[in-house]
Amino acid sequence: EIRTDSEQDAHKVFVTMNDRGLRLTPTEMLKGYLLSEIKDNTIRNKANDLWKDKIIKLKSIEKDGDADFIKNWLRAQYAATIREGKRDAENKDFDIIGTTFHKWVRENKSVIGLNCSEDFENFVLKKFSMYADIYIRLKKYSSKFNKDYEYVFYNADRGFTLQYQIILAAIKSDDTLDIIDKKIKMVSCFIDQFISIRIFNFKTVDYSSIRYTVFNITKMIRNKDIRELAEILKNYINNMELTLEGINKFYLNQFTRRYMLHILARLTSYIEEESGINTSFDNYVNREQRNPYDIEHIWADDYSQDNHQLEFSTEEEFKDFRNRFGGLLILPKDKNRSFQDMEYSKKVIKYDSENLLARTLNKNCYSNNPLFLRFMNREQLPFKPYEQFNKENLIERQSLYKEICKRIWDVNKIDLLANS
């Protein structure tokens, strides 16, 4: 048993003992350090209660939710350096925060602005509390579709966990709730566009490939006001070497398979929503339901069908073309399997009772469907039905998909969100 004369000293002993090898988590050690620097007992107790409450909520989201939040928060708001890519390079802010953030905070307290007891009070009671609440919100939006924060869900659906760091970077500790909401929407929209453009050009968005890019974006938007943030985000998208023109050559392969259902679901839900149809993107991508949606090839995997041998010199060429973006849809799994071997002329009849993207292949979609026709004409989208679906038609359909994508991933949406 170790006794101390004050609670503040107890926290200091707690921190010192952990420096000597007592096994506690980085979160617990960070808490011990921060509280040990708060002089007033009443304020320290308040900070302790608040900390425990937020940690419980963070851990209820996921097992390591507390540590994940703190890493994202500190990287978002304070990390100034990152390890170079060469062998044996020294770990920097970004990397150290990812492993021993409690030590990083102690060693960089002046950088963070922790110089006196009041600074530590503000750090816990205001900053930690505020950013933890925002992070909890983001995790909620990422797991359950909310139309107001739809882009957070889209990014999470594609497994882009780095979005939390980027979003938190843009938010200042004195932002109002209205400003925070706008920044969440703007930055998550930007991330959705950034991810999509890379995927359409067959560029990975895995952590190891874009950590430097994400780190630079984080610093670029850190604590910016709404107008400056909008300009930075738009300019970044407009100045990317890659563009949505990559859709011309986009197709289903081993890399794009993990993203294709998401993209086709976005197209489907977009045209349905714009046509006044009650749509459900999260239903289209939900793999846990009894009859989930799958990727449907408009052409059956049969080289001998539909005059394919007249258009393609080899079966391999046909199979490659069959995987092109414009030749794909989504259907419920049972329908996808039952339609699998059908000729197009039979499939297109079945499509008329499916989602709107599938229905647009059938001529019936263009009769007694005023809201869809109004949307089609307003956006000048070249939808058309096909009684037969040959190579030239698939190329046309790919161009249509590209035009739809340009409307879904329109950089001007960032301005609309900033002004909403």
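Residues numbered from 1 in each chain as written. Predicted model: local features only at pLDDT ≥ 70, side-chain atom pairs only at ≥ 80, totals over all residues. Heavy atoms only, no water.

In this section: the overall build of the protein chain. Broken down by element type, the protein chain carries 22 helices and 2 strands. Sorting the 420 residues of the protein chain into buried and exposed places 51% on the buried side. Pairs at least 24 residues apart make up 70% of the contacts formed inside the protein chain by residues separated by at least 6 positions. Accessible surface for the protein chain amounts to roughly 20400 Å². Of this, 44% is attributable to carbon and sulfur atoms. With 68 positive and 65 negative side-chain charges, the protein chain shows a spacing of 1 Å between the two charge centroids. (Helix = DSSP H or I, 4+ residues; strand = E, 2+ residues; numbered from the N terminus. Buried < 20%, exposed > 50% of the residue type's maximum accessible area, 1.4 Å probe, protein only. Contact = heavy atoms within 4.5 Å. Areas by Shrake-Rupley, 256 points an atom, 1.4 Å probe, with all protein chains shown as cover. Lys, Arg positive; Asp, Glu negative; His and termini not counted. Charge placed at Lys NZ, Arg CZ, Asp CG, Glu CD.)

Before going further, it helps to spend a moment on the packing of aromatic side chains. For the coordinates displayed, the defined rule picks out 43 aromatic pairs. Connected via pairs of aromatic rings, a cluster forms that spans Trp-51, Phe-69, Trp-73, Tyr-78, Phe-123, Phe-128, Tyr-131, Tyr-135 and Tyr-164. The cationic tip of Arg-75 hangs over the ring face of Phe-94; the distance from NZ or CZ to the ring centre is 3.9 Å. Taking the ring centre of Tyr-212 as reference, the NZ or CZ of Arg-211 above it sits at 5.3 Å. (Phe/Tyr/Trp six-rings, centres within 6.5 Å; stacked < 30°, edge-to-face > 60°. Lys NZ or Arg CZ within 6 Å of the ring centre and 35° of its normal.)

Within soluble globular proteins, side chains that are nonpolar generally end up buried alongside one another. Within the largest apolar cluster, 133 residues are counted, with the highest numbers of intra-cluster contacts made by Leu-34, Leu-267, Phe-325 and Phe-383. Take this core: its biggest share by element is 12 residues, from helix α10 (residues 177-200). Contact partners of Phe-383, with chain neighbours within four places excluded, come to Ile-271, Thr-360, Tyr-366, Phe-372, Phe-375, Met-376, Leu-400 and Ile-404. (Core = buried A, V, L, I, M, F, W, Y, C linked by side-chain atoms within 4.5 Å.)

Take helix α21 (residues 391-408) next. Helix length check: α21, at 18 residues, gives a terminal C-alpha distance of 26 Å against a target of 26 Å (1.5 Å per residue), a fit within 8%. Of all the residues in α21, the buried ones are Asn-393, Leu-394, Arg-397, Gln-398, Leu-400, Tyr-401, Lys-402, Ile-404, Cys-405, Arg-407 and Ile-408. The N-terminus of α21 is capped by Asn-390, whose side-chain oxygen sits 3.1 Å from the backbone nitrogen of Glu-392. (Expected span 1.5 Å × (residues − 1). Polar contact = N/O pair within 3.5 Å; in protein donor to acceptor, adjacent residues only side chain to side chain.)

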